[in-house]
Amino acid sequence: AEAPAAAAAEMQVDASADPAAAAEGDADDMSAEDKEHLTQLRKILTGRASIELHMEFLYRNNRSDLLLLEVIKNSLDQKNSITHNGTVMAHGLMQCGTTSDVFLRKNLEWLAKATNWAKFSATASLGVIHKGHIKESKSILSTYLPSGGGQRGSPYSEGGALYAMGIIHANHFDLETKNYLLEQLHNAQSTEVLSHGACLGIGLVCMATADESIYEELKQTLYTDTAVAGEAAAYAIGLVMVGSANEKVIGELLAYAHDTQHEKIIRGCALALAMTMFRREEEADSLIQQMLLDKDPILRYGACFCIALAYVGTSQNTAIRKLLHISVSDVSDDVRRAAVMSLGFVLCNVPDQLPSVVKLLSESYNPHVRYAAAMAVGIACAGTAQLEAHNLLQPLMSDGTDFVRQGAIIAMGLLYMQTSPGKTDRVKAFREKLLKVISDKHEDVMTRFGAVLANGIMDAGGRNVCASFFSNSGVLRPGAAIGFCLFAQMWYWFPLIHMFSLVLTPNALIGLTDKLKIPKNFSLKSKARPALFAYPEPMQPPKKEEQVKAATAVLSTAAKAKALKEKKEKESELKKATAADVDMDDKASAAEVTSVKGGDAVSVAGTAASVAATPGTTVVGSVATESVAASDLGSEHMEVDESAAASSSAAAGAAATSPAAAAASSSSPAAAKAGEEKATDSGAAAGEKKDEKKDGEAEKKEEKPEPTEEILNNPCRVLKAQQQFISFPSEIDSQPVRYTPLLRERHVGFLLLTDNRPDEAEDLFLEDDKKAEDGEEGKEPEPPEPFEWTDDA
């Protein structure tokens, strides 16, 4: 549903402006079936059909982990605006396109803590959640949109709602929405925040249309010279003029960038110029050179992104050489950062080569260059889980500079999008690291913000979408390149993080009937281990026992006092033990005397054993004649093998009970050896029993080996690496299949099906089912039927 050129956009305008009027002339000549076919065709060409089907897929296959969000929310300081804002944005990305805002509804009080621009971002996140919900955009945002009456709500939430409307309609032109947003722009001239939201909304709705009238409207807002509204107007001009290379627009933007004193507006103009030159390659060289020679570093910053967008996905040597030169020679940190980040755009078609290109830059002394190297790797290698990229980002995650750690964490989140723990253990370790960073109160707030955002990126779109520059057929997606470019501006302006929703594309395989409906009983086979491409396990709530245990704070003075007390107790024990020691001869004679009495000998042997086991004491003539190290004395307990200790004490008891055995042990070492062997044998037998028990348990666990294939039901998620394992069997569970695909070699995207049993009724996913599912939670139970009360009851 993307319009890369003005002509395609105009076709969309004509088609979607008034479909009924377009078909009116031929209506009389056409049959009902032909009309239906024409309607379907128009839906496909305008992109409406694919948007609705993708939204249906994201809604039905949503695997967002709301408990993870709850844990993140509770781990952060509620009063900190940055982390609060980050959590709201992460939630928006996690639920992107799923239309599920349950978490926000359950936490309205927490959400209401957002103020000013954070409120703007929070309201705009609704647009990300409902992205593609074109039919209902106004009703969804009705409570936040500016009202016609005298009473106005917060300008921040109203401006955010206008921006949200743009995100919902992003890259899909709609005449009614365009007119509505233009009207709001005219009404909001006095309110900077509303102008900001309206401009961004118009830019997204009219993206790549190259509409001159819209450009003139936005130019008026730009020329008001108010920093916030002017910046948004400049971004919007860039969005409308994507790839047009319009000389008039370029000349006016350059002239105004030199005239204005506002850095925000200059930056907006610089990026608008970059977007205007999208995919123009050599055509853009003269403008790039002019901007690179400018004394204003912000225009040089724009020149780097101009190279990035003009040569995106080309891997052109000249562009790479130019960017590498800027990254080490420019005097401005911002320009150097932009140059390194732009390498990710130029090399996005060969992500394997990027880590080696930016390897040395990632070790730069300049933290801005290190940050950019991480972000470049994240942008180009999103969803690949490359080991080389991981090895480059790993050391940057523990960098000394907070924003470098933030960049590395966000990049790692991009790298591991849709990567199952069954594919690599590195994902599990990274997820644990994220939660550790988020809950660490001593960690810098910027790094924690990055960790929260990385969670949202990894689980984007209910874990069913991936950031990608290219479509399933390998064509460069203009929306994705522009989305990444604006997402990279989060360094200056957090609300632009929502632009990340433009780069997301569903990894869906959706089987369709000839009426473009989704049948329930179409299945396919994946000939790979399910764990290899499975969704990550949802977080489990902690057990009650774990919840009760809370870490108690121990003061250093209390710890020292406790250690001193323990030391004194040990010293007194040692003194008592030393006093109790007697010579071995006396012990032997005592043993002879007590042997007559029978049972009392055991207690003596027990005493001897306990004395020998006391740390720091030795019995003369015993095996343990070596002195104990001072370090062992300081330790609380020595680690002793329990089974060995038990067998030795049992042997000692047996020896003491019979005088003959005692005599034999003193006279004959062979007998003692035999006794030791016997004890060892009994210990080994006990060990064998334990091993047998363990083996039995293991067998029980291993009864079910992991399957080597699985059956997937329509619609399903199919990852890029999984496509090679997909097949369409003629029989499933010994039953012949009803639907077979027209194009068997296609393993992702939309798949038209042939119905082998057209006479039977079809089982389809319908809108009514969806509404029924939504209503189940809030629906009250039916009242009981009337009945008569009797005493017998």
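Remember, it's a predicted structure, so these values are computed and weren't measured experimentally. (Residues numbered from 1 in each chain as written. Predicted model: local features only at pLDDT ≥ 70, side-chain atom pairs only at ≥ 80, totals over all residues. Heavy atoms only, no water.)

1. Notes on the overall build of the protein chain
Now for step 1: Counting secondary structure elements, the protein chain contains 38 helices and 11 strands.
Now for step 2: Counting across all 793 residues of the protein chain, residues that qualify as buried make up 47%.
Now for step 3: Once local pairs closer than 6 in sequence are excluded, the contacts in the protein chain between residues at least 24 apart make up 74%.
Now for step 4: Of the roughly 40000 Å² of accessible surface on the protein chain, 53% is carried by carbon and sulfur atoms. (Helix = DSSP H or I, 4+ residues; strand = E, 2+ residues; numbered from the N terminus. Buried < 20%, exposed > 50% of the residue type's maximum accessible area, 1.4 Å probe, protein only. Contact = heavy atoms within 4.5 Å. Areas by Shrake-Rupley, 256 points an atom, 1.4 Å probe, with all protein chains shown as cover.)

2. Structural notes on empty space enclosed by the protein
Now for step 1: Here the structure, examined in full by the defined rule, presents four cavities of 30 Å³ or more.
Now for step 2: Counted as a void, the largest cavity has a volume near 70 Å³.
Now for step 3: If you go around the largest cavity, the residues you meet are Gln418, Thr419, Ser420, Arg431, Met458, Asp459, Arg463, Ala534, Pro536, Arg717 and Leu719. (1 Å grid on protein atoms, 1.4 Å probe; cavity = no way out; pocket = protein on both sides within 12 Å on 5 of 7 lines; lining within 4 Å. Points joined across faces, edges and corners; volume = space filled by probe spheres on them.)

3. Considerations on a nonpolar patch on the surface
Now for step 1: On the surface, Leu742, Leu743 and Leu752 cluster together into a nonpolar patch covering about 270 Å² of accessible area.
Now for step 2: Structurally, the position occupied by Leu752 is in strand β11 (residues 749-755). (Patch = residues over 30% accessible without salt bridge, like charges linked within 9 Å, V, L, I, M, F, W, Y side chains within 5 Å. Salt bridge = Lys/Arg side-chain N within 4 Å of Asp/Glu carboxyl O.)

4. Let's talk about unusual backbone geometry
Now for step 1: Omega for the peptide link from Asn714 to Pro715 comes to -10°, which places this bond in the cis form.
Now for step 2: Structurally, Pro715 can be placed in the loop between β5 (710-713) and β6 (716-717).

5. A closer look at helix α14 (residues 212-222)
Now for step 1: Regarding α14, the residues found buried are Ile214, Tyr215, Leu218, Lys219, Thr221 and Leu222. Take α14 and look down its axis: the buried residues cluster within an arc of 155°, on one side only.
Now for step 2: In the core, the buried residues of α14 are packed alongside α12 (175-187), α13 (192-205), α15 (227-240), α16 (247-259) and α17 (263-276). (Arc of directions from axis to C-beta.)

6. Side note on the sheet that holds β5
Now for step 1: The strand order across the open sheet formed by three strands is β5-β4-β7, and the pairing between neighbours is antiparallel. If you trace the sheet from one side to the other, it starts and ends with β5 and β7 (726-727), each paired once.
Now for step 2: In terms of strand pairing, strand β4 (residues 523-526) meets β5 through four bridges, oriented antiparallel. Its bridge partner lying in β5, Ser526 is registered against Glu710. (Pairing = 2+ DSSP bridges.)

7. Here we look at the pairing of β4
Now for step 1: Of the two faces of β4, the one holding Ser523 and Lys525 and the one holding Leu524 and Ser526 are both buried throughout.
Now for step 2: As defined by bridge partners, β4 adjoins β7 across two bridges and the pair is classed as antiparallel. The residue bridging Ser526 from the neighbouring strand is Ile726, located in β7.

8. Concerning the packing of aromatic side chains
Now for step 1: The final tally for this structure, using the stated rule, is 20 aromatic pairs.
Now for step 2: Members of the aromatic cluster, joined through ring pairs, are Tyr301, Phe305, Phe345, Phe469, Phe484, Phe487, Tyr492 and Phe500.
Now for step 3: Lying across the ring of Trp491, Arg337 places its NZ or CZ 3.8 Å from the centre. (Phe/Tyr/Trp six-rings, centres within 6.5 Å; stacked < 30°, edge-to-face > 60°. Lys NZ or Arg CZ within 6 Å of the ring centre and 35° of its normal.)

9. Considering the packing of helix α25 (residues 402-415) against helix α26 (residues 426-439)
For any two helices packed against each other, one specifies the crossing angle of their axes together with the interaxial distance.
Now for step 1: Close contact between α25 and α26 brings their axes to 11 Å; oriented N to C, the two are set at 145°. As α25 runs across α26, the sense of the crossing is left-handed. Each of Ile409, Met412 and Gly413 in α25 lies in contact with α26, whose residues at this interface are Phe430, Leu434 and Val437.
Now for step 2: Of the residues contributing to the contact of α25 with α26, the split by class is five nonpolar, one polar and no charged. (Axes fitted to C-alpha atoms, helices over the stretch in contact; angles between N-to-C directions. Left-handed = near helix turned anticlockwise from the far one by under 90°. Nonpolar A, V, L, I, M, F, W, Y, C, P; charged D, E, K, R; others polar.)

10. Focus on the pattern of salt bridges
Now for step 1: Scanning the entire structure with this criterion turns up 22 salt bridges.
Now for step 2: A salt bridge links Glu52 to Lys135, with the nearest nitrogen and oxygen atoms 3.7 Å apart. Note that Glu52 is positioned in helix α4 (residues 48-60) and Lys135 in the loop between α9 (116-129) and α10 (137-141), a separation of 83 residues in sequence.
Now for step 3: For Glu52, a relative accessible area of 22% puts it in the partly exposed group.
Now for step 4: Residue classification places Lys135 among the exposed residues on the basis of a relative accessible area of 63%.
Now for step 5: Here Arg280 and Glu283 are joined by a salt bridge, their closest N and O atoms 3.4 Å apart.
Now for step 6: Taken together, the shared-partner salt bridges connect Glu212, Glu216, Lys219, Lys248 and Glu252 into one network.

11. Digging into the packing of α26 against helix α27 (residues 445-458)
Now for step 1: Where α26 meets α27, the axes come as close as 8 Å, and the angle between the chain directions of the two elements is 140°. Between α26 and α27, the crossing angle belongs to the class labelled oblique. Judged by the sense of rotation from one axis to the other, the crossing of α26 with α27 is left-handed. Counting all contacts with α26, which are made through Val427, Phe430, Arg431, Leu434, Val437, Ile438 and Ser439, the residues of α27 involved are Thr447, Arg448, Ala451, Val452, Ala454, Asn455 and Met458. (Parallel < 35°, antiparallel > 145°, perpendicular 65-115°, else oblique.)

12. So, the nonpolar core
Note that soluble globular proteins tend to have their nonpolar side chains buried in a common cluster.
Now for step 1: One finds Phe345 and Phe500 to be the most contacted residues of the largest nonpolar core, which totals 190 residues.
Now for step 2: Here this core takes 11 residues from helix α19 (residues 297-310), the largest share from any one element.
Now for step 3: When residues no more than four places from it in sequence are discounted, the contact partners of Phe500 are Leu93, Leu414, Ile457, Ala467, Phe484 and Phe487.
Now for step 4: Listed in part, the 11 residues of the second largest apolar core include Cys716, Val718, Ile726 and Tyr739. (Core = buried A, V, L, I, M, F, W, Y, C linked by side-chain atoms within 4.5 Å.)

13. Structural notes on the sheet that holds strand β10 (residues 739-741)
Across a sheet, paired strands are connected by hydrogen bonds in the backbone, their directions being either parallel or antiparallel.
Now for step 1: Within the open sheet, the four strands sit side by side as β6-β3-β11-β10. Their pairing is mixed. The open sheet is flanked by β6 and β10, the only strands paired with a single partner.
Now for step 2: Looking at chain direction, strand β3 (residues 508-512) and β11 are connected through four bridges and run parallel. Across the sheet, Leu512 pairs through a bridge with Leu752, a residue of β11.
Now for step 3: Against the sheet, α4 touches β3, β6 and β11, its axis set at about 115° to β3.

14. Describing the confidence of the model for the protein chain
Now for step 1: With 76% of its residues at a pLDDT of at least 70, the protein chain reaches an overall mean of 78.
Now for step 2: pLDDT under 50 marks residues 1-24. Its contacts with residues more than four places away, or in other chains, come to 37 contacts.
Now for step 3: For the stretch residues 587-686, pLDDT sits under 50, and the model shows 38 contacts to residues farther than four places along the chain or on other chains. (pLDDT = per-residue confidence, 0-100.)

15. Here we look at the environment of Ile518
Now for step 1: Assignment of secondary structure puts Ile518 in the loop between β3 and β4.
Now for step 2: Of the residues examined, Ile518 reaches a relative accessible area of 4% and is grouped as buried.
Now for step 3: Ile518 sits 461 residues away from Phe57 along the chain, and the two C-alpha atoms are 9.6 Å apart.
Now for step 4: Sequence-distant contacts of Ile518, that is, excluding residues within four places in its chain, are made with Leu53, Glu56, Ile510, Gly511, Leu512, Asn714, Pro715, Asp763, Leu764 and Phe765.

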